[in-house]
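Observations on chain architecture
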Amino acid sequence: MLMYIYAVTGIPLFKEQTQYDAENLTYGKSFDGISNSFSTIFILLTVDHWYSLLEEGWKVPGLNKVACGAFVISWIILGAFIFRNLFVGFMDSRDVTQLPEIEQVFWPGDTLFRYCELMKELQHNLK
């Protein structure tokens, strides 16, 4: 739901960037429609190319730089740091009692000392 709100809000916010004709804009059509807006919001969710998107927006005359910066930064804070961690926590909250038991190998505490003693004996035998 939050992703949809940000995707719809980004369309009019970045309208000047989508209508600006410049060949050097990589992310010029990133908020052109709802599908492009969703993909851009997902890319920002992964915190990928967020600064490049802002830099290109700052090059476009008539674009509200403060609002666009606040939009991207707030989505990174809400989406990437909070929403993504909640999603991962939800996916990882499976019932551990239903997982199969894994045999654990316990090494004796004196294994390293025994190894050192065997190495000393081997060195003594080689002399």
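Note that the structure is predicted; figures quoted are calculated from it, not measured. (Residues numbered from 1 in each chain as written. Predicted model: local features only at pLDDT ≥ 70, side-chain atom pairs only at ≥ 80, totals over all residues. Heavy atoms only, no water.)

Attention shifts here to the environment of L53. Counting through the fold element by element, L53 comes out in helix α4 (residues 50-59). Expressed as a C-alpha distance, the spacing of L53 and C68, which sit 15 residues apart in the sequence, is 9.8 Å. (Helix = DSSP H or I, 4+ residues; strand = E, 2+ residues; numbered from the N terminus.)

A separate point is a nonpolar patch on the surface. Nonpolar side chains collect at one region of the surface, where L2, I73, I77, L78, F81, I82 and L86 lie side by side and expose about 610 Å² of accessible area between them. Take the nonpolar patch: its biggest share by element is 6 residues, from helix α5 (residues 65-92). Take I73: it is sitting in helix α5. (Patch = residues over 30% accessible without salt bridge, like charges linked within 9 Å, V, L, I, M, F, W, Y side chains within 5 Å. Areas by Shrake-Rupley, 256 points an atom, 1.4 Å probe, with all protein chains shown as cover. Salt bridge = Lys/Arg side-chain N within 4 Å of Asp/Glu carboxyl O.)

For α4, the set of buried residues is L53, L54, E56 and G57. For α4, the arc enclosing every buried residue in end-on projection is 165°, short of the 170-degree limit, so these residues lie on one face. (Buried < 20%, exposed > 50% of the residue type's maximum accessible area, 1.4 Å probe, protein only. Arc of directions from axis to C-beta.)

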